[in-house]
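# Working through the structure, step by step
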Amino acid sequence: MFRKMFNKILIANRGEIAVRVLGACHEMGIAAVAVYSDVDRASLHVRKADEAYPIGAAAAAESYLNIEKILDVAARSGADAIHPGYGFLSENAKFAQACADAGVKFIGPSAAAMDAMGSKTRARQAMERAGVPFVPGTSRGLESFEQAEQVAARIGYPVMLKAAAGGGGKGMRLVHAPAALKSALEGARSEAERSFGDGEVYIEKAMVNPRHIEMQVLADEHGNIVYLGERECSLQRRHQKVVEESPSPIVDADMRRRMGEVAVRVARAAGYTNAGTVEFLVDQQKNFYFLEMNTRLQVEHPVTELVTGLDLVQLQIRIAAGERLAFAQDEVQIRGHAIECRIYAEDPDNDYFPSPGKITLLLEPSGPGVRRDSGMYEGWTVPMDYDPLLAKLIGYGADRNQAIGRLMRALNEYFVGGIKTNISLFLRILSDPDFRAAKLDTGFLDRLLEKKRAEPPTDSKATEVAAIAAGLFAALGAPAAAAGERSPDSGASQPSAASNWKIAAHKEAMR
Ligand code: MV4
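These remarks concern the structure in this document.

Cut-off values and rules
Residues numbered from 1 in each chain as written. Predicted model: local features only at pLDDT ≥ 70, side-chain atom pairs only at ≥ 80, totals over all residues. Heavy atoms only, no water. Core = buried A, V, L, I, M, F, W, Y, C linked by side-chain atoms within 4.5 Å. Buried < 20%, exposed > 50% of the residue type's maximum accessible area, 1.4 Å probe, protein only. Helix = DSSP H or I, 4+ residues; strand = E, 2+ residues; numbered from the N terminus. Pairing = 2+ DSSP bridges. Axes fitted to C-alpha atoms, helices over the stretch in contact; angles between N-to-C directions. Contact = heavy atoms within 4.5 Å. Phe/Tyr/Trp six-rings, centres within 6.5 Å; stacked < 30°, edge-to-face > 60°. Left-handed = near helix turned anticlockwise from the far one by under 90°. Nonpolar A, V, L, I, M, F, W, Y, C, P; charged D, E, K, R; others polar. Arc of directions from axis to C-beta. Near = heavy atom within 4 Å. Polar contact = N/O pair within 3.5 Å; in protein donor to acceptor, adjacent residues only side chain to side chain. Areas by Shrake-Rupley, 256 points an atom, 1.4 Å probe, with all protein chains shown as cover.

### Here's the deal with the nonpolar core
Core analysis: the biggest nonpolar cluster contains 40 residues, and Met376, Leu411, Tyr414, Ile429 and Phe435 have the highest contact counts within it. Looking at this core, the elements with two or more residues in it are β11 (240-246), β14 (337-344), β21 (389-397), α12 (400-413), α13 (423-431) and α15 (444-453). Per element, the largest residue contribution to this core is six residues, and it comes from α12. Membership of the second largest hydrophobic core comes to 35 residues, among which are Ile30, Ala275, Ala321 and Val332.

What follows is the structure in structure tokens.
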């Protein structure tokens, strides 16, 4: 099992996460190899890497999702390991297997563990065996409408229909009454078939405005597994996280221990290794239920790093190199509070419609309790082919109030000229009385944005024209591409899927 530390790591990703992983490699004295698509030639990750290789056209299927091309670069560059980042190939079991077959270490779990968690029904079966609490429902695909009717009547309405291959809300239907069940089942099935090539749908009792809290785990290849505390991820919009924090304001030491022990049990049952995240839904009474396991490093990992003092990427690399975890559970301490904002190239005055373009001026915050993980620089043109995440800004403090104060100070200092960003949204969220009181649930952000939408629009005609133009632009010229973690499943398993930007532009124009 003992392996020597890697000499060279290929990073099969782009943007801020590629930059983050590059930095960890350099801190460990490991050379870092970048790959890039045609539109990423001048990207920050390419500039910071020790070597960089072109892998094809902007469309992710031609580049960042192309297993053959990436393994070819690994061979040519002599890389002995690959870090997949998040999105793209990070949760693709075939890729993990192809790396193993090529003799290149995949920095992540085994293909088998990834596969076991990829199907939500199979994951539920495994959790059932492991005695992990999960939302009542079926752990196998529904065989008929009659069966759906019977199960729904037994568990009680509202119910949620979900695609077994799903994630990110695709193929999901909320059903309030028996009369709506039939068409919802048909809709969920065809959407699952269309999105994942797999029409398997199962049923769960629906929780109303739950919290979304996830637990970070770390497992070495010698059977040692620890949990590193939770992240509160309830602030989402259209299944995209917007703000995350650690610790969760509603989780106390006892609940953290119980949730953490369940998460470790989940990881053990899956034969899991490396960094992973166990997602839970939490109800008003603070009961928590297993939802799914994410088999990758997550976008929001910095908040966990700040409150634990650990470097998750370095630990991922050490684990993949065969090292044992150097600390035990009772040595993990949660200290202080961290909050992350995802800075996107989006226009707040146009329903958060993507806003690519050239960054003409960039003033970036730093200072006490501020961490910035960024993939942008002044003079760089944000391509429209990928997820528009530009940077993550994280505030850290001794407590939640100090973290909020530092984050707001830093947000006010942040200036990104030439393109629109969602920075102003975070100032609204962080000053909202409910946010301050930590009254968070998965409906929070929609309620906040609803308040704004009630006001009359400023210039609806210009907005409409811009939307139509963007839609036309997307339809005529933009190459299709898959996105980053925004839609991990479509990104990973749907090489031909159109980019989120293109879809958004199209929807906007057709409204
Ligand atoms: C649920 C739920 C309520 N009840 N399951 C959304 C994404 C997918 N991974 C699971 N999701 C949900 N599953 C049951 N049984 C509510 C959601 C949900 C949600 C979950 C987390 C964060 C934001 C959300 C927004 C809408 C719905």
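### Section: the pairing of strand β19 (residues 370-374)
Counting buried positions over the five residues of β19 gives four, a clear majority of the element. In terms of strand pairing, β19 meets β21 through five bridges, oriented antiparallel. Note that in β21 the partner of Arg372 across the bridge is Leu393.

### Structural notes on the sheet that holds strand β8 (residues 201-205)
The antiparallel open sheet is built from three strands, whose spatial order is β7-β6-β8. A single partner strand is all that each edge strand has here, and the edge strands are β7 (173-175) and β8. Looking at each pair of strands side by side, their axes are set apart by 25 degrees on average, direction ignored. Across the sheet, helix α7 (residues 145-155) touches β6 (159-163) and β8, and the angle it forms with β8 is around 15 degrees. Where helix α8 (residues 181-196) meets the sheet, it contacts β6, β7 and β8, and its direction lies at approximately 25 degrees from that of β6.

### Some words on the packing of aromatic side chains
The final tally for this structure, using the stated rule, is six aromatic pairs. Between the aromatic rings of Phe88 and Tyr386, the centroid separation amounts to 6.3 Å while the plane-to-plane angle is 75 degrees, which identifies the pairing as edge-to-face. Placement of the pair is Phe88 in the loop between β4 (81-83) and α4 (93-102) and Tyr386 in the loop between β20 (381-382) and β21, with a sequence separation of 298 residues. Grouping residues by exposure puts Phe88 and Tyr386 together as buried. Judged by centre distance (5.9 Å) and plane angle (85 degrees), the rings of Phe95 and Phe106 are edge-to-face. Of this pair, Phe95 sits in helix α4 while Phe106 sits in strand β5 (residues 105-106), and the two are 11 residues apart along the sequence. In this structure, Phe95 and Phe106 share a single accessibility class: buried. Members of the aromatic cluster, joined through ring pairs, are Tyr64, Phe88 and Tyr386.

### Structural notes on the sheet that holds strand β9 (residues 211-219)
Read across the sheet, eight strands follow the order β13-β12-β9-β10-β11-β14-β21-β19 without closing on themselves; strand pairing throughout is antiparallel. The sheet terminates laterally at β13 (288-294) and β19, the two strands that pair on one side only. Strand-to-strand twist across the sheet, computed as the mean angle between neighbouring axes with direction ignored, equals 25 degrees. Sheet strands touched by helix α9 (residues 253-269): β9, β10 (225-237), β12 (274-282) and β13. Its angle to β10, the strand with the most contacts, is close to 105 degrees.

### Considering the packing of helix α1 (residues 15-27) against helix α11 (residues 312-320)
Working note: a packed helix pair is described by the angle between its axes plus the distance between those axes. α11 packs onto α1 with a crossing angle of 65 degrees between their chain directions and a minimal axis gap of 9 Å. Crossing handedness for the pair α1 and α11: right-handed. In contact with Arg20, Val21, Ala24, Cys25 and Glu27 of α1, α11 contributes Leu312, Val313, Gln314 and Ile317. Here the residues of the contact of α1 with α11 are counted per class, giving six nonpolar, one polar and two charged.

### Details of α7
Every α-helix carries 3.6 residues per turn, so stepping three or four residues along brings you back to the same face. Burial in α7 covers these residues: Phe145, Ala148, Val151, Ala152 and Ile155. Buried positions in α7, seen along its axis, are confined to an arc of 125 degrees and lie on one side of it. When the buried face of α7 is taken as reference, the exposed residues oriented beyond 90 degrees from it are Gln150, Ala153 and Arg154. Considering only its buried residues, α7 is in contact with β6, α8 and β8. Just downstream of α7 lies Gly156, where phi reads positive at about 90 degrees.

### Some details on the environment of Val243
By secondary structure assignment, the location of Val243 is in strand β11. The exposure class of Val243 is buried, given its relative accessible area of 3%. Through-space distance from the C-alpha of Val243 to that of Glu232 is 8.6 Å; in sequence the pair is 11 residues apart. Setting aside its immediate chain neighbours within four residues, Val243 contacts Glu232, Cys233, Leu235, Ile339, Glu340, Phe426, Ile429 and Phe435.

### Quick look at the site of the ligand
Around the ligand, 16 residues are found, and the nearest of them are Met160, Lys162, Glu204, Lys205 and Met207. Between the ligand and the protein, one listed contact pairs a nitrogen atom with a backbone N or O atom of Lys205 at 2.7 Å. Calculation on the ligand without its partners gives an accessible area of 520 Å², and the protein chains cover 87% of this total. For the shell around the ligand, the elements supplying multiple residues, two or more each, are β6, β8 and β13. Of the residues belonging to the shell around the ligand, the class tally is seven nonpolar, five polar and four charged.

### Observations concerning the environment of Val35
Tracing the backbone through its elements, the reader meets Val35 in strand β2 (residues 31-37). Judged by relative accessible area, Val35 falls into the buried class, the value being 0%. Taking the C-alpha atoms as reference points, Val35 and Asn13, 22 residues apart in sequence, are found 7.2 Å from one another.

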